[in-house]
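Okay, here's what each chain looks like letter by letter:
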Amino acid sequence: VSWRWSDNYFWEASFGDGDVPSFNVLDAQINFRVPSLKSTFKAGATNLLQDEYFTAFGTGFIGSQYYVSWTINNL
C-alpha cells in the first residue's frame, strides 16, 4: 500500500501559468506466490480513491488504473 500527497503549487510554462491544486493518491498491490506452479499472481490499482488530479497546468486529468498479472517460471 502506498499513499502519495502533493501540496498545491503554481505552475509556470511557456504555454500558460496556473494553480495546481493539492491531491492525495492511494495505490495498492497484492502478490500471491504458487511455488508448485513456479508462478506469482499480482493484482493492484493506482488511485484507489478515484479522485482525478493533474500535476501540471494545461495537462489532462489522471484517473485510476487497475491491473492483474501472472508471472510464470518465477523461482
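Since the structure is predicted, the reported quantities are computational estimates derived from the model, not experimental observations. (Residues numbered from 1 in each chain as written. Predicted model: local features only at pLDDT ≥ 70, side-chain atom pairs only at ≥ 80, totals over all residues. Heavy atoms only, no water.)

**What to know about the side chain of D27**
Thinking step 1. Residue position: D27 is located in strand β4 (residues 23–34).
Thinking step 2. Accessibility expressed as a relative area gives 14% for D27, which makes it buried.
Thinking step 3. Within the structure, the side chain of D27 is placed 3.1 Å from the side chain of R4, a separation counted as a polar contact.
Thinking step 4. Residues in contact with D27, not counting those within four places in the same chain, are V1, S2, R4, A45, T46, N47 and L48. (Helix = DSSP H or I, 4+ residues; strand = E, 2+ residues; numbered from the N terminus. Buried < 20%, exposed > 50% of the residue type's maximum accessible area, 1.4 Å probe, protein only. Polar contact = N/O pair within 3.5 Å; in protein donor to acceptor, adjacent residues only side chain to side chain. Contact = heavy atoms within 4.5 Å.)

**Side note on the packing of aromatic side chains**
Thinking step 1. On inspection of all chains with the given rule, the structure shows three aromatic pairs.
Thinking step 2. Geometrically, the ring pair formed by F23 and Y53 is stacked, given 4.4 Å between the ring centres and 15° between the ring planes. Residue F23 is located in strand β4, and its partner Y53 is located in the loop between β5 (39–46) and β6 (65–72); the two are separated by 30 residues in the primary sequence. Exposure class is identical for F23 and Y53. Each is buried. (Phe/Tyr/Trp six-rings, centres within 6.5 Å; stacked < 30°, edge-to-face > 60°.)

These results come straight from atomic positions and should not be treated as a statement about function.
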